[in-house]
Every structure is written in structure tokens, then in C-alpha cells.
Amino acid sequence: MKPTVIIVACLSILLSSHTLSATLKMAFDADPISLDPHEQLSEGTLQFSHLAFDPLLRWQQNGTFEPRLATHWQAITPSTTRFFLRQGVTFHSGNPLTSADVVYTINRLKHSTDFRAMFDTIQSAKVIDDYTLDVSSAKPNPLILNIMTYVFPMDKDFYQGQDEIVKYGETFASRHVSGTGPFILEKRELGSRMEFRRNPNYWDTSSPGNVDKLIFTPIRNDATRLAALLSGDVDFIFPVSPIDIQRTQKTAGIQLVTMPSTRILLLHMNQTRRQEFKDTRVRKAINLAINQALIVDKILRGYATPAGQLSPNRFLGHIADLQPEYDLTKARQLMKEAGYEQGFRVSMMAPNNRYTNDEKVAQAVTAMLAKINIKADLKTLPKAQYFKEFDDRSADIMMLGWQSDTMDSNNLFEFIIACTDAKTGLGAYNASEYCNPSITDDIHQANQELNPERRLRLLQGIEKTLYQESAIVPLYWQFLTWAAKDKVKIQDIVNDRNYPYIGDLIIEQ
Amino acid sequence: MLVFLLRRLIQAGFVLVAISLISFAIQDKLGDPVRQMVGMTTTPEVREQLREELGLNDGFLTQYARFARNALTGDFGTSYYYKEPTIDVILKKLPATFELAFCAILLVILIATPFGIITAINPKHLISRLIILVSSIGLSIPIFIIAIFMVYVFSIQWNLAPSFGRGETIVLFGAWESGLFTKDGLSHLLLPSLSLAIALTPIFVRLIRSEMSEVLQSEYIRFAWSKGLSAPRIYFFHALKNTMLPIITIGGIQAGTLVAYTILTETIFQWPGMGFLFMDAVSRVDTPLISAYLMVVGGMFVVMNTLVDLIYGLVNPTVRLASHGL
């Protein structure tokens with residue numbers, strides 16, 4: 001061999017090994033409360049699940065599914081789907097992944113208080129052979145794949161026998177992990193630090209990701225989190241508050257990545273508490289008096305999309321024509337027609353630390369309502385207290401933000417619009433106390449409608465009725481805002497659910 | 001002495017009972033702990049069931065009686081979030097707060113004493129006037145402004161010190177996790193302790209100045225001058241010693257401010273100590289942890305006040321402890 005060839009070979013080995021070792025320090029606003037992926041359905045838990053575990057399939061940035069531990073799937077009957085598993089995948093414990101693990105995981109999910117709402121629709125999961133399984137639902141289920149993105153197979157041999165899910169106590173699963181994920185948990189200090197190293201046996205060898213070591217710190221305070229990035233103490237943060245966005249953009253060496261999310265912010269007008277809200281004209285007037293575009297522009301600095309309906313544009317129920325309207329003259333006219341020209345007084349509540357600038361948005365809304373003589377007495381509360389009040393429906397107007405777990409309009413309708421039913425949990429967040437039986441019927445119908453054409457009509461029909469009746473006040477869909485050092489290529493791995501796929505993250509050296 | 005300590009012990013008991021009652025009474029206003037444990041889509045029925053299992057639906061007296069019974073056996077409840085006994089959780093965070101407070105107090109003593117003395121001895125001097133001016137301004141600036149300013153200047157602009165966290169720590173005596181003996185730990189300690197010290201120093205500078213200038217006017221100092229004693233001996237031995245008496249008392253009272261300030265400092269610097277733990281517990285409605293924290297801090301106050309009184313007695317033996325402070 002010629003000396004130059006040897007030198008080149010050595011250099012390339014040197015360089016390639018170099019690109020393989022990168023440490024990522026990231027600071028997000030929350031951490032998972034437990035290592036048990038089934039204990040709480042929260043953003044923190046799902047972010048963790050994407051690190052230590054792998055889903056059967058996952059969402060891509062363009063809204064389509066990407067096969068992960070399931071290589072492909074096919075519907076064999078209207079209510080049964082067959083999943084084919086990737087072979088040669090091992091858990092962190094060394095046990096191989098088989099369909100028994102997946103079936104075990106799905107059954108466990110059915111027992112989790114938080115995931116049960118979604119997995120109740122799945123009747124059974126059956127092992128066909130080591131790498132094939134059938135998932136059946138009681139009725140035809142159009143969202144089976146959406147739901148299967150929540151299946152992160154757990155190591156059956158590792159957990160079995162000590163796998164109870166407890167909400168307020170220590171369990172084996174809340175302290176120990178064995179998944180198939182790209183990262184192995186090394187150290188954890190609850191509430192202040194998690195350390196991961198890359199899984200050397202990770203199945204996805206084609207992944208370009210080169211993060212070798214991952215240090216995760218939850219930082220709740222917006223200013224502290226941003227300072228940590230600007231001072232170079234961390235490489236990647238979420239979220240960036242709107243007031244800091246401009247500053248972040250101006251800083252050399254720092255990039256800001258934003259993306260519209262599917263979380264809708266809305267106002268409920270309680271029709272049981274207030275006689276006035278029973279009148280469609282009043283509800284319409286309120287909708288017309290609120291200037292969504294101005295709120296987005298001034299308070300959220302453009303980092304949101306004004307909403308005239310509940311479904312964001314990537315959901316099936318979205319209707320492009322339903323735009324937010326702002327017309328004060330028409331609003332005053334409607335108030336006059338309804339006999340409330342002199343206006344009235346209402347109570348209003350909003351959280352002050354749950355959604356981006358929630359308190360300021362609520363204040364802006366009260367100012368806008370004043371223009372049609374509705375005097376809203378606003379009370380804002382920290383989220384811990386707020387949701388207690390929300391459950392009690394203790395104000396006439398209440399703010400709510402909602403992200404659909406299934407990435408489907410029907411999830412919004414089920415929780416926010418359907419007639420309240422304490423037993424099934426339907427309408428649990430319907431603080432409007434709006435109840436339209438025909439809509440509730442349509443919601444049930446849409447849950448088992450497999451024909452995409454008919455399903456589209458059902459969901460859009462609901463959206464249209466809500467718009468015509470001004471049942472609620474849609475405000476806007478929030479943006480997600482991440483910031484990182486320039487060399488950390490986060491734009492390729494973030495998504496509108498905010499589960500960054502760190503396993504695929506590239507850090508330039 | 002023994003009577004004094006015994007009385008203090010009884011006093012401590014009363015304080016803790018009062019604190020536990022108050023912290024229990026406000027729990028209901030803090031929010032629903034169950035909400036923090038479940039996702040948004042969990043049905044109201046399941047949540048109600050969880051509340052029942054946790055005993056949150058019982059009346060105030062039932063809950064308090066249960067708590068008091070357990071507390072008497074040394075069990076102060078289990079944190080909902082950490083899933084460990086609350087006392088263990090707090091004790092684990094104690095070293096971080098203690099080291100932060102210790103460094104801040106050290107800095108306060110090192111800065112405030114000379115400055116206070118200079119301004120008392122030579123009030124008309126330009127430097128003295130400058131010190132007084134700066135301390136007046138310092139008194140009126142809230143600590144979080146100081147802390148954010150420190151982060152901006154030293155961490156973001158000049159990159160001299162880390163902006164958050166505690167850095168590398170080593171374990172001493174098998175239990176005490178310390179950041180005082182690593183370079184990384186010390187660099188992390190720099191900004192928070194400095195912020196805390198800057199917030200507390202102005203009070204002490206002004207206090208030392210006013211106390212000392214009063215002492216310097218007194219008869220025995222004039223007598224000492226006429227006796228021909230050297231200036232340093234008069235200033236640092238005779239005058240300073242008597243100045244320190246009221247300073248110790250007020251310093252003890254300032255311990256409360258220190259606790260409040262550590263909560264703010266720890267929140268801003270993400271310092272993993274007790275104050276940060278408390279703020280987190282409040283936002284998570286971790287009620288057992290909140291109660292336990294308040295009781296631990298209450299206990300610390302009693303201990304601190306007792307210590308101050310004891311030191312007072314050491315510095316000035318004419319103070320009779322048994323009749324003092326009760």
C-alpha cells in the first residue's frame with residue numbers, strides 16, 4: 001500500500017470517529033415525572049420515550065408515518081391491522097424484541113389511567129409469530145395508526161412481574177428502563193438532570209445522528225433557559241418566549257427554529273351560567289369583536305396562526321374558508337338586536353403560566369370585549385390552580401388550550417365540544433356547556449368511519465356547525481419555538497408534536 | 001442555660017404545630033395535586049378515584065390528624081413528585097442551599113465590615129460618601145434584577161462564569177454533596193453567591209456604620225483616646241466589639257431575608273437547593289413537600305434565633321439568657 005493511501009485511510013478513520021462523538025446539552029421546560037412511559041401522558045414523558053424507547057411508527061415532519069420498529073403493516077379486516085416487526089432489534093437489557101413484547105406493551109397501555117382513553121378502542125393484540133402481530137379493535141378504527149405511534153415496546157422479560165403502574169408511589173418501572181431506543185439512561189436526578197449515552201447496539205445504523213452523550217436539564221424559568229443557551233452552557237433549548245425571539249435571532253451563532261403546532265387556544269362561553277350566551281347573536285358578536293390577527297401580531301409577535309375554527313390545516317376537519325372575522329360594527333349591531341346594547345358584566349378566567357403569554361392574551365380579550373360593552377372581570381391563575389377552577393367551570397368565560405393526542409379533529413370535538421358525560425370523559429373540557437346531540441352523534445360516527453371521504457364530510461360538518469352557531473371562540477394555533485447553536489442541526493429533527501428525534505440529530509464539529 | 005434551652009425547645013414545638021396547621025389550611029388553595037399526576041385526557045371519574053385513594057376527600061381535621069399521627073413517628077409524608085419521604089428529599093437538597101448561603105454570608109462579612117468601618121471612622125471622605133451612595137442604591141434594587149444583571153454581564157457577555165446549575169460535586173463524609181472543592185463547582189457558585197451577597201451587603205454596611213459612629217461618640221472611647229491608646233486598638237478592639245452586639249441580633253433577624261432571597265436566587269440560577277425545590281413543589285402542588293419544607297425552615301429559624309442569643313451571651317456575658325428572648 002502506498003504511504004499516501006495509508007495516510008488518507010488513517011485520516012478518514014480519525015475524522016469519522018470524530019464526527020461520531022458529540023455531546024448535546026439540552027434544556028427544556030419540563031422533564032418526565034417518571035421513567036415509566038405509561039405513567040403520565042405528557043410531553044415530557046413522550047420526549048423521554050423517543051430517547052430510551054422506539055415507537056412502532058412515528059410522525060414525520062410532513063405529517064406522514066415513518067416505520068420504526070414496525071417495518072410495515074396492512075389492514076386484514078376493517079377492524080384488524082397486521083404489524084410486521086423489524087428483526088434483530090435488542091433491548092438495552094440484551095433481550096431481543098419480539099411481538100410478545102409489543103402485545104405485552106399494548107395490554108399494559110390499556111391499564112394505564114392516562115393512556116386508557118386512547119387504547120380503550122383497541123380490543124386485543126395477538127401474537128401471530130415472533131415478528132408479526134394483529135391489533136384488533138371492537139369497531140372499525142380509522143385512527144389505528146395514529147394510536148400506534150404511542151406504542152413504545154417495553155422489555156417484557158425485564159418488567160414482567162413488577163410492572164404495576166402507580167400514580168403516587170415508587171415502582172420498579174418508574175426507576176428502571178429497558179427500551180430499544182437510541183439512548184441508554186446513565187444517571188438521573190429527578191427534576192434537575194438526566195444523562196444518556198448512545199446505545200452502541202442501536203438497530204438504526206443508517207441514522208445520521210452523531211450525538212454520543214446527552215445531558216438533559218429541565219429549566220422552567222424562561223430567562224434562565226435562554227441565558228443558558230446564550231452563555232454557551234447548553235446547546236439546545238425549548239421554548240423561547242416571544243419577547244426573547246428577536247434577541248435570539250440577532251445573536252450570532254444561535255439559530256431559532258419555529259413551526260406551527262396543532263395546539264389551539266380558545267375561549268369557552270358558558271351557556272349554563274349565562275343566559276346571554278344562549279343567544280347565538282351574542283356569541284357571534286363576541287366572535288366578531290375579538291381580533292385574532294391583532295392578538296397574534298402584537299402579543300405573540302406573529303408566532304401563531306389566527307384561528308376561525310378548531311382544526312388546524314393538517315387535520316381532516318379543517319375548512320380553508322373558515323377564517324377569523326373581525327367586524328365591530330356588525331358585532332354592535334348583533335348585540336343591539338339581541339337586546340344587549342348596554343352590554344353586561346361577565347367573569348373570565350385564564351391561566352398565567354400555561355400557554356405562551358396567556359395572561360396578556362386574556363387581557364387583550366377583555367379590552368376587545370369592552371368595545372361591545374361586555375365588561376369582563378378577568379382573573380388569571382397559575383396552571384396548578386387554574387385547572388381546578390376549570391374543572392369546576394367557575395367563570396363565565398374560560399380559556400383553554402388543546403393539543404389533539406391523535407392528530408385528528410375528532411379528539412378536539414370529543415373533549416371540547418361533545419355533551420359532557422362524566423363516565424366516558426366525553427366533553428370533559430366543554431366549559432361552554434354547549435350540547436348539540438347531533439354533533440355528539442357525528443363524533444361517535446367519525447370514530448368508526450373508515451371511508452376517508454365520508455369521514456372528511458362528518459368532521460367538516462361539525463366544524464361548519466360550530467362556526468355557524470359560534471359555539472366557541474377559536475383564538476389561534478400556537479407556534480413551537482426552539483433555539484440552538486448553529487452547529488446543532490435541529491431543523492431536521494423537530495416536529496409539530498415537539499418530540500425532537502435526538503437519535504437522528506447531527507452536530508457539526 | 002438549661003432552662004433557656006428547654007424553653008426554646010417547647011417554643012419550637014409550638015412554632016412547628018402552628019406552621020403545620022397553616023400549611024395544611026392553605027393546601028386546598030394551591031390546586032389539585034391529582035391534576036399534576038395525570039394527563040389532560042384522563043376521565044374525571046378516574047381523577048376522583050385517585051383523590052379518594054390519596055385521602056384528599058377527607059375533611060381537614062381527618063387529614064391533619066393523620067398527618068400529625070405520622071409526624072409524631074417521624075414520618076412527614078411522601079412527596080408526590082419525588083416519591084420519597086419528604087424529609088429525605090429536603091435533606092438531599094440542604095447542602096446546596098447551605099453552601100450557597102455560607103458563601104454569601106462570608107462575602108457579606110468580608111465586604112460589609114471594612115466598608116462599614118471606613119464610613120464610620122471617616123464619614124466625610126469621598127470614598128465613604130461613595131460607599132453610602134452605592135449602598136443606598138443597592139438597598140432599593142431587588143435581588144432578581146441583580147441576579148439577571150450578573151448573568152447578563154458575567155455569563156452572556158463576558159462568558160466568565162456558568163449561568164445555571166451547580167456543576168461538578170464531590171461527596172464528603174459519605175453524605176454531604178459538596179461543590180466547594182471542585183473548580184467547576186466553585187465557578188458555578190460564583191454568580192449566585194455574589195448576587196445574594198450584593199443584595200444583603202448594603203443593609204449591613206449601613207448598620208455597621210450607624211452603630212459604630214454611635215459607639216465612637218461614647219464616653220469610654222473618648223476616655224480611651226485621652227488615655228493615648230493607639231487608633232487601631234480603639235477602632236478594632238474597643239469600638240468594633242461593642243458595635244457587633246446589635247449587628248448579631250439584626251443579623252439573626254436577617255436570616256429570614258436570607259431564606260427568602262435564596263428562594264429567588266435559586267430559582268433564577270436553577271440552583272438545585274431547597275428554595276428551588278420549594279418553588280417547584282408549589283408549582284407541582286406537591287403538598288406534602290410544601291408542608292415539610294415550611295416546617296424545616298421554621299425549625300431552622302428557631303435554631304438560628306437560639307444560636308444568636310447564645311452568641312450574644314458569649315460576646316456580652318452580662319446578658320442573662322434565661323430571662324432573655326422569651
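Residues numbered from 1 in each chain as written. Chains lettered and ligands numbered in written order. Predicted model: local features only at pLDDT ≥ 70, side-chain atom pairs only at ≥ 80, totals over all residues. Heavy atoms only, no water.

- Per an unreviewed UniProt entry, chain B goes by ABC-type transporter, integral membrane subunit and derives from Marinomonas posidonica.
- For chain B, the Sequence similarities (unreviewed entry) comment in UniProt is given as "Belongs to the binding-protein-dependent transport system permease family."
- Quoted verbatim from the Subcellular location (unreviewed entry) field of UniProt, the annotation for chain B is "Cell membrane". (UniProt positions renumbered as here; feature names shortened; annotations may be inferred.)

- Under an unreviewed UniProt entry, chain A has the name ABC-type transporter, periplasmic subunit and belongs to Marinomonas posidonica.
- Under Sequence similarities (unreviewed entry), UniProt gives the following word-for-word description of chain A: "Belongs to the bacterial solute-binding protein 5 family."

Focus: the overall build of chain A
- Helices and strands together make up the secondary structure of chain A, namely 17 helices and 17 strands.
- For 509 residues, the compact-globule formula gives about 23 Å, and the C-alpha radius of gyration of chain A, at 25 Å, lands near that figure.
- In terms of principal-axis extent, the alpha carbons of chain A reach across some 90 × 55 × 45 Å.
- Residues counted as buried form 58% of the 509 residues belonging to chain A.
- When contacts within chain A are restricted to residue pairs at least 6 apart in sequence, those whose partners lie at least 24 apart make up 71%.
- Of the roughly 20000 Å² that chain A leaves accessible, carbon and sulfur atoms contribute 50%. (Helix = DSSP H or I, 4+ residues; strand = E, 2+ residues; numbered from the N terminus. Rg over C-alpha atoms; globule rule 2.2 N^0.38 Å. Buried < 20%, exposed > 50% of the residue type's maximum accessible area, 1.4 Å probe, protein only. Contact = heavy atoms within 4.5 Å. Areas by Shrake-Rupley, 256 points an atom, 1.4 Å probe, with all protein chains shown as cover.)

Things to note about the UniProt feature "transmembrane region" (unreviewed entry) in chain B
All names here are of chain B.
- The feature "transmembrane region" (unreviewed entry), as given by UniProt, occupies residues 98-118, 130-154, 189-208, 243-264 and 290-315 in the numbering adopted here.
- The straight-line gap between the two end C-alpha atoms of residues 98-118 is 30 Å; of that span, 100% is helix and 0% is strand.
- A helix fraction of 100% and a strand fraction of 0% characterise residues 290-315, whose end C-alpha atoms lie 37 Å from each other.

Re the confidence of the model for chain B
- For chain B, the mean per-residue pLDDT works out to 88, and 98% of the residues sit at or above 70.
- Overall fold confidence for the complex sits at a pTM of 0.90, while the interface term, ipTM, reaches 0.86. (pLDDT = per-residue confidence, 0-100.)

Here's the deal with the sheet that holds strand S6 (residues 122-129) of chain A
Residue and element names in this part refer to chain A.
- Read across the sheet, four strands follow the order S4-S5-S7-S6 without closing on themselves; strand pairing throughout is antiparallel. Each edge of the sheet is formed by a strand with only one pairing partner; in this case those strands are strand S4 (70-77) and S6. When strand polarity is set aside, the average angle formed by the axes of neighbouring strands in this sheet is 20 degrees.
- Taken together, the six bridges between S6 and strand S7 (residues 132-137) define a ladder with antiparallel strand orientation. If you follow Ile-122 over to S7, its bridge partner there is Ser-137.
- On top of the sheet, helix H3 (residues 99-111) reaches strand S5 (80-85), S6 and S7; it is set at about 170 degrees to S6, its chief contact. (Pairing = 2+ DSSP bridges. Axes fitted to C-alpha atoms, helices over the stretch in contact; angles between N-to-C directions.)

Regarding the environment of B:Gly13
- Within the secondary structure, B:Gly13 sits in helix H1 (residues 2-30).
- Note: C-alpha distance between B:Gly13 and B:Leu56 (43 residues apart in sequence) is 26 Å.

Structural notes on unusual backbone geometry
Residue and element names in this part refer to chain A.
- Across the junction of Phe-238 and Pro-239, the peptide omega takes the value -10 degrees, indicating a cis bond.
- Phi is positive for Arg-393, which is not a glycine, with a value near 50 degrees.
- You can see Arg-393 is positioned in the loop between helix H14 (383-392) and strand S16 (397-402).
- Residue class for Arg-393 comes out buried when judged on its relative accessible area of 13%.

Regarding the interface of chain A and chain B
- Counting from both sides, the interface comprises 48 residues of chain A and, opposite them, 43 residues of chain B.
- Here chain A packs against chain B, burying approximately 3900 Å² in sum over the two surfaces, 52% of which is carbon and sulfur.
- Looking only at chain A, the three residues that lose the most surface to chain B are A:Tyr168, A:Arg220 and A:Lys388, adding up to 17% of its buried area.
- Among the secondary structure elements, those contributing two or more residues to the side of chain A that touches chain B are helix H4 (116-119), strand S10 (211-218), helix H8 (222-230), H14 and S16 of chain A. (Buried area = accessible area lost by both parts, 1.4 Å probe.)

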